[in-house]
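# Close look at the chain arrangement
Spelled out from the first residue to the last, the chains are:
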Amino acid sequence: GESVGLHLPTLSVQEGDNSIINCAYSNSASDYFIWYKQESGKGPQFIIDIRSNMDKRQGQRVTVLLNKTVKHLSLQIAATQPGDSAVYFCAERVSGGYNKLIFGAGTRLAVHP
Amino acid sequence: DGGITQSPKYLFRKEGQNVTLSCEQNLNHDAMYWYRQDPGQGLRLIYYSQIVNDFQKGDIAEGYSVSREKKESFPLTVTSAQKNPTAFYLCASWDTNTGELFFGEGSRLTVL
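Below: a short report on this structure. Quick caveat, the model's predicted, so the values are computed rather than measured. Every chain begins its residue count from 1, and numbering advances along the sequence as written. To read the labels, note that chains go from A and ligands from 1, taken in the order they are written. Under the rules for a predicted model, residues below a pLDDT of 70 receive no local features and side-chain atom pairs below 80 are neither given nor counted, while totals for whole chains, interfaces and linings still include all residues. Only hydrogens and water are set aside; all other atoms, that is, all heavy atoms of the structure, feed into the side-chain values.

### Some words on the nonpolar core
Tyr36(A), Leu101(A), Phe103(A), Tyr33(B), Tyr35(B), Leu101(B) and Phe103(B) are the most contacted members of the largest nonpolar core, which has 21 residues in total. The helix count covers DSSP runs of H or I at least four residues long, the strand count covers runs of E at least two residues long, and both are numbered beginning at the N terminus. Listing elements by their share of this core, those giving two or more residues are β3 (30–38), β8 (86–94) and β9 (101–103) of chain A together with β4 (31–37), β5 (44–51), β9 (87–95) and β10 (100–103) of chain B. Grouping buried Ala, Val, Leu, Ile, Met, Phe, Trp, Tyr and Cys residues that are joined through side-chain atoms within 4.5 Å yields what is termed a nonpolar core. Exposure is judged per residue with a 1.4 Å probe applied to protein chains only, and the accessible area is read against the type maximum: over 50% gives exposed, under 20% gives buried, and values in between give partly exposed.

Written out as structure tokens, the structure reads:
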């Protein structure tokens, strides 16, 4: 909701610039990673995903990079727009079991005109 | 349109009262989940259900209960035993074909 973004790191960018949001994940056994966007007062929306056998995946204006060596995930947003302002968080799926996802706390992206 | 519907969107409760949050999906997904979201924290799993009439505790199940009598419905009861129930609650369902987790719009519970 409205208070989800409190106490989160904030990335401030100018409209039209590219944004890079980073995420460190915790489990070497994770085989699937997802980025979500959450606008104030709403549920998270799927943006893009990547499997552990890939290093990079591109979508429309978004690219996800996976570095398994250092357990790092990044989301790149090209030509950031005001509508991109939201909290972004990553999730990792630990292989096996019941599709358990572990979620990061998120980063607030603030786009300024 | 297909999706997940949570209700109510906002709910106020007095201490000591139980409250039930509704979650309905028409996506024909077998697996459903309840998460809790607090400011500055990642989503934490309360309960999940992989199929009708079955559910399992997540990481923070204490003070909560669920039922899964129908495929479409996975209500969450926040009981008086939950010590800090004020939070944003998210219901989700899993598409096993695409691996995508769909979320509802959330329910904000405030205990007065």
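### Points about the state of the cysteines
Any pair of cysteine sulfurs within 2.5 Å is marked as a disulfide. By the definition in use, this model includes two disulfides over all chains. Each sulfur of the disulfide joining Cys23(A) and Cys90(A) lies 1.6 Å from the other. One end of the pair, Cys23(A), is in strand β2 (residues 19–24); the other, Cys90(A), is in strand β8, with 67 residues separating them in the sequence. The exposure class assigned to Cys90(A) is buried, which follows from its relative accessible area of 6%. Across the disulfide, Cys23(B) is cross-linked to Cys91(B) (sulfur-sulfur distance 1.9 Å). Here the disulfide of Cys23(B) and Cys91(B) is left-handed, its torsion about the S-S bond being about -75 degrees. Taken together, the positions of Cys23(B) in strand β3 (residues 19–25) and Cys91(B) in strand β9 put the pair 68 residues apart, joining distant regions of the chain. Side by side, Cys23(B) and Cys91(B) carry an identical accessibility label, which is buried.

### Topic: the interface of chain A and chain B
By definition in these notes, contact holds between two residues if any of their heavy atoms fall within 4.5 Å. Across the contact, 25 residues belong to chain A and 25 residues belong to chain B. Summed over both partners, the accessible area (1.4 Å probe) lost when two parts come together is defined as the buried area. Contact between chain A and chain B buries roughly 2000 Å² in total, counting both sides, with carbon and sulfur atoms accounting for 54%. By convention in these notes, a salt bridge is any Lys or Arg side-chain nitrogen within 4 Å of a carboxyl oxygen on Asp or Glu. Applying the counting rule to chain A against chain B returns zero salt bridges. Under this definition, polar contacts are N or O atom pairs within 3.5 Å; protein pairs additionally need one hydrogen-donor-capable and one acceptor-capable atom, and for neighbouring residues in sequence, both atoms have to be side-chain atoms. For the pair chain A and chain B, the number of links is three residue pairs in polar contact (both at pLDDT 80 or more). Mapped by element, the contributors of at least two residues to the side of chain A that touches chain B are β3, β4 (45–51), β8 and β9 of chain A. With three residues, β3(A) is the single largest residue contributor to the side of chain A that touches chain B. When grouped by side-chain class, the residues that make up the side of chain A that touches chain B number twelve nonpolar, eight polar and five charged. Residue polarity is assigned by list, with Asp, Glu, Lys and Arg as charged and Ala, Val, Leu, Ile, Met, Phe, Trp, Tyr, Cys and Pro as nonpolar; anything else, Gly included, falls into the polar class.

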